[in-house]
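Structure assessment
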Amino acid sequence: MQMQAYRSRLPDKGEISATPPNTASASLDRRSTGPSSSTRSSRKFSTSIPQLVQGVVAIDFGTTFSGFSYAVFSDIQTKHGSQCENVHVFENWPWQAHAGMKYCKTQTSLWYVPGEQPGTFQLKGWGWEGYVAYQQMLQEVRKRWEQEMAACETQSSLEAARRPPCRHQELDVSRAGYFITRFKLGLHVDGRCVHLPEGLTLKRVITDFLQQMSFQIMKELENRYGRRVNKRLIRFCLTVPAIWTEEAKQVMKECAEAAGLVQGTSCNDEQASCHELVIVVEPEAASVYCNQTLTVKEFCNGQRFLVVDVGGGTVDMVVHEKVGTSTRSAIKVREVRVSTGAAVGGCHVDEAFFDFLRKKISCFRWFEATYPARVLEINRWWGDMKASYDGDVTSFTLPLPPLLANCWAKDSNSVRVSKFSDVEINSGTLRKIFDPVVDKVLDLIEDHMTEALDAILVVGGFSNSPYLCRKIRSNFKDRVKDIVVPPCPGAAVLKGAVSFGVVKEWENLLNSRVAKLTYGFDTTASFKVGKHPKKFMVLEKGTKRKRCDNIFEVLIRKGDPIPIRKVVKHTCAVFYSEDMDDDEDEIEVIMYSTHSRDPQYITDRGVRKEAACKIPVPSAKQAPARYAKPKIEISLQFGGTAIRGFVRGKNYLTDTQAMTPIQFKWFSGSDKTVM
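Here is a short report on the structure shown in this document. Small disclaimer: the values here were computed from a predicted structure and weren't measured.

Scoring rules and cut-offs
Residues numbered from 1 in each chain as written. Predicted model: local features only at pLDDT ≥ 70, side-chain atom pairs only at ≥ 80, totals over all residues. Heavy atoms only, no water. Helix = DSSP H or I, 4+ residues; strand = E, 2+ residues; numbered from the N terminus. Contact = heavy atoms within 4.5 Å. Phe/Tyr/Trp six-rings, centres within 6.5 Å; stacked < 30°, edge-to-face > 60°. Buried < 20%, exposed > 50% of the residue type's maximum accessible area, 1.4 Å probe, protein only. Lys NZ or Arg CZ within 6 Å of the ring centre and 35° of its normal. Salt bridge = Lys/Arg side-chain N within 4 Å of Asp/Glu carboxyl O.

A few words on the environment of Ser266. Along the chain, Ser266 falls in the loop between α6 (246-258) and β11 (278-281). In this structure the C-alpha to C-alpha distance between Ser266 and Ala256, which are ten residues apart in sequence, comes to 8.5 Å. With residues up to four places along the chain from it excluded, the contact list for Ser266 reads Glu254, Glu257 and Ala258.

Moving on to the packing of aromatic side chains. Tallied over the full model, the rule gives 35 aromatic pairs. Judged by centre distance (5.6 Å) and plane angle (85 degrees), the ring pair of Phe68 and Trp93 falls under edge-to-face. Of this pair, Phe68 sits in strand β4 (residues 65-72) while Trp93 sits in the loop between β5 (88-89) and α2 (96-99), and the two are 25 residues apart along the sequence. Accessibility expressed as a relative area gives 4% for Trp93, which makes it buried. Between the aromatic rings of Phe121 and Tyr178, the centroid separation amounts to 5.7 Å while the plane-to-plane angle is 80 degrees, which identifies the pairing as edge-to-face. Here Tyr178 lies in strand β9 (residues 178-181) and Phe121 lies in strand β8 (residues 121-126), a separation of 57 residues in the sequence. Residue classification places Tyr178 among the partly exposed residues on the basis of a relative accessible area of 26%. One aromatic cluster in this structure is built from Phe353, Phe354, Phe364, Trp366, Phe367, Tyr371, Trp381, Trp382, Tyr389, Phe396, Phe434 and Tyr467. Sitting over the ring of Trp244, Lys184 keeps its end group 5.7 Å from the ring centre.

Turning our eyes to something else, we now look at the pattern of salt bridges. Inspection of the entire model under this criterion finds 22 salt bridges. The closest approach of N and O atoms between Lys231 and Asp269, which form a salt bridge, is 3.3 Å. With Lys231 in the loop between α5 (202-225) and β10 (234-240) and Asp269 in the loop between α6 and β11, this pair connects stretches of sequence that are 38 residues apart. Judged by its relative accessible area of 29%, Asp269 is partly exposed. Measuring nitrogen to oxygen at the nearest pair gives 3.0 Å for the salt bridge that ties Asp560 to Arg597. In this pair, Asp560 sits in the loop between β23 (546-556) and β24 (561-563) while Arg597 sits in the loop between β26 (586-594) and β27 (608-616), placing the two residues 37 residues apart along the sequence. Look at the salt bridges and you will find they share partners, linking Arg182, Asp350, Glu351 and Lys386 into a network.

If you want it as structure tokens, here you go:
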């Protein structure tokens, strides 16, 4: 019996082993299936919620603020109205009053102190509680530092006279531990670098935050419904920005497992939910919320609207079209174009404000390092001003702490401290602080105005900015019928996300999405002179027939509509190379992606390795003796919020083997490069 093999493109050393023990290399052969669009079928995967589920919890994991909402099925079944109206948003966050802010979310922050062993860390607080406790610790550390400085001056007045200027006498704030914020942006490919102390990883801080959120969730549910609440029976939904990659979504899933929210390979908690984590795209959740709750605007079949979700660190946009005769309690929409976004939001306005202070006040960097608790007070003042600025205000006056004013006056060689007691921020400066972010949001909206839109819906934490909303209205009021900011826009994603866990079938919410990328596999085909590059020509073992390797076999094309439950099937023959071990019983298959709609080869410019998976197959020792060319059937679902895959063996022991879920390993960074 003839044995033929062609190797697929495998990850480089250090990514996934090319030929580990009991692993065969294989390529996907076009002739075995003729995998054209006419041969692909659409098979529905069951995503219905088991009857034992008692409720749904949605976590909105944000750059600046995070929160959760929940709904128990008994509430939904016994109450009238839309699902979003029966959703409870948790607002009584511990220590929120001490932080001086009333909001439906807590701060996305963690406070660590060094552990007993070098390079280890102990979590001391999180959210508002950690924020307040860290402030208190900073004040204690600063007092001890001032006492140490006073003692030094007492011991040696001469040494004190020679001491460098005050701005160089910096406090070592690490003595108070490490206060970590805005770490979510570390998951974005183009996001700004998240600075973590050595030994503390991004996965660790995300996992710790989700774990603390889990504790708060169960405490709230038990307080409200008693001990009968079982986390194993809760379905958890976790929101992600539209710009997140498949790899970033997978990281969030792994962190949710490690945090004990849901069961999985990274979970060690027996009480974790037995239900699969539901990944929810943030602007889609906002779209559901607006459709179910808005009274000033109700969309009819065929009408299109743009959802603009402007948060602390990201802005996401999606264009939806109402389809069918759905009602408020059972809406249905389809995605019109690829959802987009950018790593820009309210926290970037904050950064611009503090950059202004650093340039304006010569000793502000020293003040930041020495009195961080006072800087947090300035940040709180700025938050109030940012929420009130509408473009008409001529100026704001920032009162400076006396310590900062004195140091600034000394740096300026002035004895008139009163001259340095405050900073006036005029209208021109305010526009320079706001406009880079606001203009970016306006540009993203403009990119979507090619569609015939009936409305723009603005949600997210930064949508509370009067200036942003005013600029959106002034720029687009003559081009769309309505521009709406719904009630509680900061909670829109929280409330809408619950519906994705409550609804039993995806079709009750979304009809279809649009493919963000072109996806496919590496295949071989009969070599044709003049059509295929000679460098890709390979010979079959035994037959010596010429084959062309490295062909990009397209499964789904960028920009194509994808029904939510559409499944693309791809069947390929398994070939065995003569140098492989007879006991090897796995092959490795790589999925590729590109922004091009018509890639020819996996070596084309812009083609990236997206994910790899290992698939069990009969060993070479078994196959020739018992089977005629074993095949594998791969089924991929691209219409969900994350790509799902299943595999089934054909020509094995039977053609009716059960579908097995595929465990993808997603590539990142330079690992995506095709060599």
